[in-house]
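# Topology and contacts: notes
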Amino acid sequence: MRGSARIILVLLGPPGAGKGTQASRIAVHYDIPAISTGAMFREAVQRGTRLGRIVQKCRIDQGEYVPDEIVIDAVRERTSEPDCIPGFLLDGFPRTIPQADSLNAMLEQQGQALNGVLDIEAPINEIIGRFSGRRVCPVDGSTYHLVTQPPQQPGICDICHSKLIMRPDDNSDVVRRRLEVYEQKTAPLRDYYRNLGQLREIDATGDPETVFGQVVSVIEALKAQTTPVL
Ligand code: AP5
């Protein structure tokens, strides 16, 4: 993109903290694709693609992670598509240290670097409330909340009018497992990125607009540190 630097961002944070909600707003505001590995995998399973068949065996509906090499290949392929030329936002990747190392290597090969990592954090009681009220559209993937982001018509998607559902991995046993796996495999990335000077903490306790205000200030500060590409 002439005259402006490419923006490359990562959203980190526990399941249910509000990463996807902020990712959609960032994508619109900065006109870059938001790439959610979780959404990519759910779509692949739904469409029955080769990736979907592999992912299905990994028990993601039980909160288990997809093996690193599969995730890394999927992200490498997706980020090489033309819509990623102006930059992109990764939501839910990297989730392990080997994934983070691969992302650094991938970007280095292209002479690029991450602008920053936004760590979306909310207290556990808030996260549990966000899970229990979340409803999603099985057709277009849009996300609602019974209390904080209700659809215009109860139980119906505003965009495609399909019936909203609870995500299968939002039941309380799977949520417990997802939070456990997050603490074990993904939380160490906070120190990884803090040590690289790339971590920016976002307090996601407020409503989505208030949180987005903080997100934009942080991204603007990160962009100001980046030299424009002519
Ligand atoms: P993924 O889909 O990425 O799930 P997740 O990280 O667990 O995150 P969620 O989508 O559950 O939550 P979110 O933080 O996006 O919250 P949201 O904005 O929806 O991954 C699913 C699975 O795929 C993983 O468990 C794993 O198995 C696999 N996978 C994916 N990536 C992988 C990788 N890199 N490596 C290996 N495996 C991988 O918000 C939640 C609710 O709260 C919504 O209802 C929303 O409306 C509401 N809400 C949001 N913000 C606010 C707010 N500020 N105030 C009030 N309500 C709010």
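Coordinates for the structure precede this section.
Residues numbered from 1 in each chain as written. Predicted model: local features only at pLDDT ≥ 70, side-chain atom pairs only at ≥ 80, totals over all residues. Heavy atoms only, no water.

## Considering the overall build of the protein chain
Within the protein chain, the regular secondary structure consists of nine helices and seven strands. Against the globule reference of 17 Å for 230 residues, the protein chain gives a C-alpha radius of gyration of 17 Å, in line with a compact fold. Taken along its principal axes, the extent of the C-alpha atoms in the protein chain is 50 × 40 × 35 Å. Relative to its full complement of 230 residues, the protein chain shows a buried share of 46%. Sequence-distant contacts, at least 24 apart, represent 72% of the contacts inside the protein chain between residues at least 6 apart. Carbon and sulfur atoms make up 53% of the accessible area of the protein chain, which amounts to about 12,000 Å² in all. Computing the positive centroid from 26 side-chain charges and the negative centroid from 29, the protein chain places the two 4 Å apart. (Helix = DSSP H or I, 4+ residues; strand = E, 2+ residues; numbered from the N terminus. Rg over C-alpha atoms; globule rule 2.2 N^0.38 Å. Buried < 20%, exposed > 50% of the residue type's maximum accessible area, 1.4 Å probe, protein only. Contact = heavy atoms within 4.5 Å. Areas by Shrake-Rupley, 256 points an atom, 1.4 Å probe, with all protein chains shown as cover. Lys, Arg positive; Asp, Glu negative; His and termini not counted. Charge placed at Lys NZ, Arg CZ, Asp CG, Glu CD.)

## Concerning helix 5 (residues 97–109)
For helix 5, which comprises 13 residues, the first-to-last C-alpha distance of 18 Å matches the rise-based estimate of 18 Å (1.5 Å per residue) to within 8%. Looking at helix 5, one finds that the buried residues are Q99, A100, S102, L103, M106 and L107. Taken around the axis of helix 5, the buried residues stretch over an arc of 160°, which confines them to a single face. Pointing more than 90 degrees away from the buried face of helix 5 are the exposed residues E108 and Q109. The inward-facing, buried residues of helix 5 contact strand 1 (7–12), helix 4 (68–79), strand 3 (87–91) and helix 8 (188–195). (Expected span 1.5 Å × (residues − 1). Arc of directions from axis to C-beta.)

## Thoughts on unusual backbone geometry
In this structure, P94 follows F93 across a cis peptide bond, with omega equal to 0°. For P94, the position within the fold is in the loop between strand 3 and helix 5. Even without being glycine, H161 reaches a positive phi, approximately 65°. Relative accessible area serves as the criterion here: at 57%, H161 is assigned to the exposed category.

## Some thoughts on the site of the ligand
Of all residues adjacent to the ligand, which total 36 residues, the nearest are T21, E64, R95, Q149 and R178. One nitrogen or oxygen atom from the main chain of G18 is found 3.0 Å from an oxygen atom belonging to the ligand. The contact in question runs from a nitrogen atom of the ligand to an N or O atom on the backbone of G92, over 2.9 Å. When the ligand is considered free in solution it has 1,000 Å² of accessible area, and contact with the protein chains removes 97% of it. Secondary-structure elements contributing two or more residues to the shell around the ligand are helix 1 (19–30), helix 2 (37–47), helix 6 (124–133), strand 6 (143–145) and helix 9 (208–224). Classifying every residue of the shell around the ligand by side-chain character gives 14 nonpolar, 13 polar and nine charged. (Near = heavy atom within 4 Å. Polar contact = N/O pair within 3.5 Å; in protein donor to acceptor, adjacent residues only side chain to side chain. Nonpolar A, V, L, I, M, F, W, Y, C, P; charged D, E, K, R; others polar.)

## Remarks on the packing of aromatic side chains
What the rule picks out here adds up to one aromatic pair. Ring centres of Y192 and Y193 lie 4.9 Å apart, and the angle between their planes is 80°; on these two criteria the pair is classed as edge-to-face. Among the residues examined, Y192 registers a relative accessible area of 16% and is labelled buried. (Phe/Tyr/Trp six-rings, centres within 6.5 Å; stacked < 30°, edge-to-face > 60°.)

## Here we look at the pattern of salt bridges
Counted according to the given criterion, the structure contains 17 salt bridges. Sharing partners across several salt bridges, the network here consists of R134, R167, D169, D170 and R178. (Salt bridge = Lys/Arg side-chain N within 4 Å of Asp/Glu carboxyl O.)

## Side note on the pairing of strand 1
In terms of residue burial, strand 1 counts as a mostly covered element, since six of its six residues are buried. Here strand 1 shows a buried face lined by I7, L9 and L11 and a second buried face lined by I8, V10 and L12. Note: strand 1 against strand 3, five bridges, orientation parallel. When the sheet's bridge partners are listed, V10 is paired in strand 3 with L90. Summarising the sheet, strand 1 and strand 4 (residues 116–121) pair through four bridges and their orientation is parallel. In the sheet register, L11 faces strand 4, and the bridge partner there is L118. (Pairing = 2+ DSSP bridges.)

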